[in-house]
Amino acid sequence: SAQDGAFTKPTLDATQPPTDEFANRLAGAQPPGPFQTWSLESLDEAAHKPLCFFGWGLMRMLPVWAATLQWPSQASEHDPGISFLELYIHFIMSTGHRIPINTGTPKRPHYVLYHDHPGAKAVPRTYNVEILDWIFCVDIYKRLMDRPLFPFATSSEVPSMRYFWGTKKLAGVVVRPYLPDYEPFLEHMQYFRCDTRTKHRPGLHRIPDIPCLSGVQRVDFEGDTTENLQRAKTAWMKRCSRLIRLKKKEAVL
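Summary of the structure given here. Think of each chain on its own: its residues are numbered from 1, step by step along the sequence as written. Local features in a predicted model are, by the rule used here, given only for residues with pLDDT of at least 70; side-chain atom pairs are given and counted only at 80 or more, and totals for whole chains, interfaces and linings are based on all residues. Side-chain calculation: all heavy atoms of the structure are included, whereas hydrogens and water are not.

What counts as an axis is a line fitted to C-alpha atoms, over the stretch in contact for a helix, and the angles between N-to-C directions run from 0 to 180 degrees. Helix and strand assignments come from DSSP, with helices taken as H or I runs of at least 4 residues and strands as E runs of at least 2, each series counted from the N terminus. Helix 5 (residues 127–145) packs onto helix 3 (residues 56–66) with a crossing angle of 75° between their chain directions and a minimal axis gap of 11 Å. By the angle class used here, helix 3 and helix 5 are roughly perpendicular. Within the contact between the two elements, helix 3 uses Leu58, Met59, Leu62, Pro63 and Trp65 and helix 5 uses Trp134, Cys137, Ile140 and Tyr141. In this classification, the charged set is Asp, Glu, Lys and Arg, the nonpolar set is Ala, Val, Leu, Ile, Met, Phe, Trp, Tyr, Cys and Pro, and all remaining amino acids, among them Gly, are polar. In terms of residue class, the contact of helix 3 with helix 5 is made up of nine nonpolar, no polar and no charged. Oblique is the label for any angle not covered by the other classes, which are roughly parallel (under 35 degrees), roughly antiparallel (over 145) and roughly perpendicular (65 to 115). Pairs of residues are marked as contacts when any of their non-hydrogen atoms sit within 4.5 Å.

Here's what the structure looks like:
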């Protein structure tokens, strides 16, 4: 639970096998208060749905989920931040939604919904690809709403995964929020735990299936078909190209 004070900076001893020190670290991984609220507006279905090539069902749940996170009013001493991986795992278990699968190529993507793809588990999709798409998804919300999904800055390296899981630093938000449903979150994150003796990282190749929290049912949108995702992708690219042309024109003027 959250307590007044600061994070206790953990130490890693690679010469020793993993022990209950992991559990002790994680018990103190929730940030100290006081907390601030971060207001977020919902996406507009008429204006934004045609641009959501990751699926309207997923995108409309972004601000709903993000509003459940509680953020400290300022960074604490030794604040480990939170990686985009941790945020993504928490989003999946809280909403049941997951980034669609690209069955095409990076240059010619072909997105299909993860839960509707019969061979989803067989599609080769690395951890890095899925997390990059998740970061892009977060950025799309910021571009559409002109407001970031999280109240603090992001960084290409935050130490949370090293502090709590023994892996390398990953991209994320520089301040760690208070996460609801923390215990089931920790259970899912055990997959990404690193053995400090061998530096083995079993979870960095593929993100496994993450079940929803008890009582949570994924809310799908029937219009999230492969064809509509492709149309949204095209519409988004046209929008970006138009904005780039406008900026170049403004720069000339």
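There is more to say after this.
Attention now moves to unusual backbone geometry. A positive phi is found at Asp146, a non-glycine position, where the angle reads about 55°. By the element assignment, Asp146 lies in the loop between helix 5 and strand 6 (154–158). One non-glycine residue, Asp181, lies in positive phi territory at about 55°. By the element assignment, Asp181 lies in the loop between strand 7 (170–173) and helix 7 (182–189). We call a residue buried when its accessible area falls under 20% of the maximum for its residue type, exposed when it is over 50%, and partly exposed in between, using a 1.4 Å probe and counting protein chains only. Residue classification places Asp181 among the partly exposed residues on the basis of a relative accessible area of 41%.

Packing of helix 3 against helix 4 (residues 84–95) brings their axes to within 11 Å, and their N-to-C directions diverge by 105°. As the angle between them shows, helix 3 and helix 4 are arranged roughly perpendicular. Contact residues: Leu58, Met61, Leu62 and Trp65 in helix 3; Leu87, His90, Phe91, Ser94 and Thr95 in helix 4.

This paragraph deals with helix 5. Each helix should span, by expectation, one fewer than its residue count multiplied by 1.5 Å. Spanning 19 residues, helix 5 covers 27 Å between terminal C-alpha atoms, matching the ideal 27 Å at 1.5 Å per step. Of the positions making up helix 5, those classed as buried are Tyr127, Glu130, Ile131, Asp133, Trp134, Cys137, Val138, Ile140, Tyr141, Leu144 and Met145. Angular distribution of buried residues about the axis of helix 5 spans 165°; they occupy a single face of the element. Asp146, located one to two residues past helix 5, shows a positive phi value of around 55°. Here the arc refers to the directions that run from the helix axis out to each C-beta atom.

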